[in-house]
Structure formats: structure tokens, C-alpha cells
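Each chain is listed here by its residues.
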Amino acid sequence: MTQPVPIQFRDSDADALASQPGRIALLAEQGASLAPLARKLDKLTRGAVMRAVGSEAFAALKPGESLDLGFPTGLAADGVQIIRLARKVTQDQARKAGAAVGRNLSGVATLVLADTHPQAADIAFGLAMRAYDFSPHKTTPAKPVGPVTVMVAEPEKVAAAANAGAAVTEGVFFTRDLVNEPANVLTTDDFAARLAAMHELGLEVEILEEDALERLGMGALLGVGMGSETPSKVVVMQWNGGPKGEAPFALVGKGVVFDTGGISIKPAGGMEDMTMDMGGAAVVAGVMRTLALRKARANVVGLVGLVENMPDGRAQRPGDVVKSMKGDTIEVINTDAEGRLVLADVLWYAQERFRPTAMIDLATLTGAVIIALGHENTGVFSNDDALCDAFLKAAKAEGEGAWRLPMAEAYDAKLKSRIADMMNVGGRDGGAITAAQFLARFVKPDVPWCHLDIAGTALLKADSTLAPKGATGWGVMALDRLIRDRFEGK
Ligand code: BES
Ligand code: MN
Ligand code: ZN
């Protein structure tokens, strides 16, 4: 797994500044006076820091952007990076400032001057999140980044706050690694093995193989994997950190390790992106990892359906009718609408076995949600306003875009089939909504449920604030916060 860069916190020590090797990063607000350590640095550089902060170039920066002083006189360091701070330093702004440092980490030591900054833990979090680099397949591995030290008053206090953040960063990196991994490496077997290894962290992990899924009657899920050489699986991860016997909160993820579309095959252009079609399962796994690392006081179960959607002589055909674990029959009009078939059975199994207090599923489910919301927001669907509002609030607090879309009977009606209980597609119009309506048929009416369509947010083609281009890990932060706020009363 890609390991987050280790960050140490230590007491402010003005005397160490002149001899600090590598790079020094400091945060400054335009027009405001410098913090004590920055003032000391200014003195050592004979006013170069103040001149930079007072320059037009600095004034032109947006909060979170930075400028560099190269080889400053008076210092052993090779460079000083000055990050512009917003007047009001919110959690978001502090993370952004940290990310500006994390984006440029190199092999040299980096010293971040946080002084008495109350958000030093958020700065460290942003730094670590942005300093992600997926390089296991480069023959020349990425240079290890140098040690990062944050100088701050009361370092022990900050380090304690930063610990929870480190658990989230590790969960997010686990998710990103899974999403970035190509499908010849991340087969269903490999995916399941990586989840099983989380046993070490105190998670209970079970792998249900095809024969078990057959006995359970999961015909919808099994139909999707019929064309693949890599066997279909359901993996169940339990974290029981809450009151013994209390019903869990359930997370369910779509884990299509590669989606060719099956017999309804996708066009060649861009098909390589479908290595990310297990993004929902990866987020579930990342959240479970975070919960275990920070020993969450909640009962949470994560279930993922792992399959590969391939065309083959044994693959399911358009027009086939499959029977779900619930008992409802489905006419498979389009084998490329496979995610909902997988989720139908895993959602049902989750409810039958665990009787969860609430359930959230995540899936890279539809291209239609990208047409609706672009890459800025995940599409949120729900049968329960309270759960949905709580999730949206958690997402907002973490800076993860999420936008609720409607559900209604009229959309559900589009799924009517001539020969089975339903079809697996409801036409092009409102495609993300009809997909959600399909899932809703496998949610018991008394179970508060949210569906998160992350097709547009799981992977980005450009850098974002907290991630380089590629997998984002969208949702790990929001779900971890939801669990903290709603189930742990923190
Ligand atoms: N995995 C895709 C959805 C997707 C598209 C995810 C783009 C990420 C980026 C899903 O299985 C799919 O193929 N959906 C079809 C549904 C259609 C056949 C009703 C789609 O969106 O075109
Ligand atoms: Mn598909
Ligand atoms: Zn898919």
C-alpha cells in the first residue's frame, strides 16, 4: 500500500531555522504581520520574506497558492515556500495550504512553520493527502520524500488531533491504490486478498465464493461474472467497536474490477478507464480501514460485490432473465447495466443478514450522473430525508461535493418488463435516476438508505485540491465523519 508521508510535530525553535536543510514552508496572510517564526526567518534572510509577502506577485495569489524564494541568503535551506492564507482560516483553507506543500514534496527535508496556528493538524492532513503518488508500476520508482516536520506550539496536542487525520489518510490511500490498480493486477482474487489482509487491523473479514453465492440465490450478481475467468465474490468486513449486539450501519459497494460492458460491449475509446469500476467497493474498504485504524466506537459492516464484466461464450446475453436473491426476476436488456445487478443481491443480503439501522451504497453506476453533475458532485439518492441530510452535511463539512437528485414512482415505471418483474434499464432519459429506482426495489421500506453514484467523482483527469490526477478516494472522509457524528456521538 502507498504509505502516507510521516509527519513529525515539534516545538517552535527559532534557533534551528538558519541551519535547517532542504525546504522551509511558511503560511502568511496578505497585509498581516508575520508570525514569530516567519519574523525570525525574515530577519535571517535580511527582509526577503517580508518583501515577498508584500509583493504584487503575492497579492495576486489565491488563498492556498504559493510562491518560492530560491536559495535565500542567510539560510542553509535551498528554498522557502510561502503559502498565501485566507483571512479566515477554515478547516478547508488550512487543508488547502497544507496541500500546497504536499504537492511539491521532494527528497529533501521539509520544515513547515505552523507557529501557533490552531489548524496545524488540518495543515498536516492536507499535506499528507496531496502527497500521494501511485508508482508501483514504474520501473524507476518515485524518490522517497524527505522527512516532514511541522513546528508548532504544543506539538503533543496537535499530534493527537493529527492521529485521527492519519487514519483517514491511510483509508483514502487504500481506496486510491485499489482504484488506480489495473485490472490484470486487481482481479477479484487479488482484491479479496487485500481485504482479507485487513484482518490484522482487527476487522472480521469473510469471503463468500461462487458456490456460496449460488446457494444464497444471487442470480443477478452471478450472471454478471459468467463471462469472466476471475471468480465472482462477495466480501463482508465487520468492525464491531460499538455496543455489543447493536445493529450495524451497513456500507455496500460495487466492485466491478473491469467493465467491458459484456456482450453489450462498450466502444474502445476510453474503455481503459473501466479499471475504476470497482470504485464503490474501494471506498467501502477505505472507510473500514479508517474505522479500524482509529478504533471507531461504532458497529459498521462493509459488503462488496466483486465481479468482472466480460464478453465470452459463457457470458450472459441481452434478453436473458435472471433471478435475484430477493426472488424478483430481471430481464437483462443491456449487459452493460451490470452494477445494479451486482448491488441488487448485495443490498438484499446485507439487509437479510445484518438488519442494519441504515445503509449506504456507493457505485460508479452511470454515465448519466456525469452528464447531470459533471465531476464536481456525486449524485445522492435516498428514501430517508434525515439520513440523506446528515450525509450531505458530512460531505459539505469535508469539502466533498454531493448533490441530491430526485426519485419518484414515474421513474420506477420505466423499468417495467414484458416478460419478467423488471428490466435492468429504464432508457436514456434520467439514466442515473432510473438506476437508483432499480436499486430501491431491493431496499426494504423501513431501512433508511442512500445511494451514492460516484461515476464522476471516483477518478479525475486533472489534479484536485487534495489529490493528484487519478483516483480521489471521494467519500471516505464524508462517510467517516458521518459515522463519527451519527453513530459515535462525537
Ligand atoms: N460502469 C458504468 C458507468 C460509468 C460510466 C462509470 C463512466 C464511470 C464512468 C456502468 O456499468 C455502465 O456501463 N452504465 C451504463 C448504463 C446504461 C447501459 C443504462 C451507462 O451509463 O452507459
Ligand atoms: Mn457497465
Ligand atoms: Zn459498470
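As the structure is a computational prediction, the values presented were derived from the model and not from experiment.

Draft legend 1. Up close: the pairing of strand β10 (residues 299–309). Summarising burial for β10: 11 of the 11 residues are buried, a large majority. Alternating positions in β10 separate into two faces, Asn 299, Val 301, Leu 303, Gly 305, Val 307 and Asn 309 on one and Val 300, Gly 302, Val 304, Leu 306 and Glu 308 on the other, with burial throughout. Relative to β10, strand β8 (residues 233–240) runs antiparallel, the two being bridged by 8 bridges. Following the sheet pairing, Lys 233 is matched in β10 by Leu 306. Taking the sense of rotation as the criterion, the β-α-β connection linking strand β9 (residues 249–259), helix α10 (residues 279–293) and β10 turns out right-handed.

Draft legend 2. Spotlight on helix α4 (residues 91–102). For α4, spanning 12 residues, the distance from its first C-alpha to its last is 16 Å, which sits close to the expected 16 Å at 1.5 Å a residue. Looking only at α4, the buried set comprises Ala 94, Arg 95, Ala 97, Gly 98, Ala 99, Ala 100, Val 101 and Gly 102. Elements that come into contact with the buried residues of α4 comprise β2 (23–29), β4 (79–85), β5 (110–115), α5 (120–130) and α16 (476–487).

Draft legend 3. Spatial organisation of the coordination of the zinc ion (ligand 3). With distances of 2.0 to 2.4 Å, the protein atoms coordinating the zinc ion (ligand 3) are Lys 254 (NZ), Asp 259 (OD), Asp 277 (OD) and Glu 338 (OE). Angles of 77 to 173 degrees at the metal separate the 6 donor atoms of the zinc ion (ligand 3), which places the site in the octahedral class. Spacing between the donor residues of the zinc ion (ligand 3) along the chain follows K-x4-D-x17-D-x60-E.

Draft legend 4. Representation of the packing of helix α6 (residues 155–180) against α16. Where α6 contacts α16, the two axes come as close as 10 Å, and the packing angle between them is 135 degrees. Classified by the angle between their axes, α6 and α16 sit oblique to one another. Of the two elements, α6 crosses α16, and the hand of that crossing is right-handed. Residues Val 168, Gly 171, Val 172 and Thr 175 of α6 pack against Val 476, Met 477 and Asp 480 of α16.

Draft legend 5. Region of the structure containing the domain arrangement of the protein chain. If you check the domain split of the protein chain, you get domain 1 (7–153) and domain 2 (169–487). Taken together, the contacts link 13 residues of domain 1 with 20 residues of domain 2. When domain 1 packs against domain 2, the two sides together hide about 1400 Å² of surface, and 60% of this comes from carbon and sulfur. Among the residues domain 1 hides against domain 2, the three largest losses belong to Met 129, Arg 130 and Tyr 132. Together they make up 47% of the total.

Conventions and cut-offs
- Residues numbered from 1 in each chain as written.
- Chains lettered and ligands numbered in written order.
- Predicted model: local features only at pLDDT ≥ 70, side-chain atom pairs only at ≥ 80, totals over all residues.
- Heavy atoms only, no water.
- Buried < 20%, exposed > 50% of the residue type's maximum accessible area, 1.4 Å probe, protein only.
- Helix = DSSP H or I, 4+ residues; strand = E, 2+ residues; numbered from the N terminus.
- Pairing = 2+ DSSP bridges.
- Right-handed = clockwise from strand over helix to strand, strands pointing away.
- Expected span 1.5 Å × (residues − 1).
- Contact = heavy atoms within 4.5 Å.
- Donors = N, O, S within 2.8 Å, 3.2 Å for Na, K, Ca; no water.
- Tetrahedral: all angles 85-135°; square planar, octahedral: opposite > 155°, others 65-115°.
- Axes fitted to C-alpha atoms, helices over the stretch in contact; angles between N-to-C directions.
- Parallel < 35°, antiparallel > 145°, perpendicular 65-115°, else oblique.
- Left-handed = near helix turned anticlockwise from the far one by under 90°.
- Domains from an automatic or database assignment.
- Buried area = accessible area lost by both parts, 1.4 Å probe.

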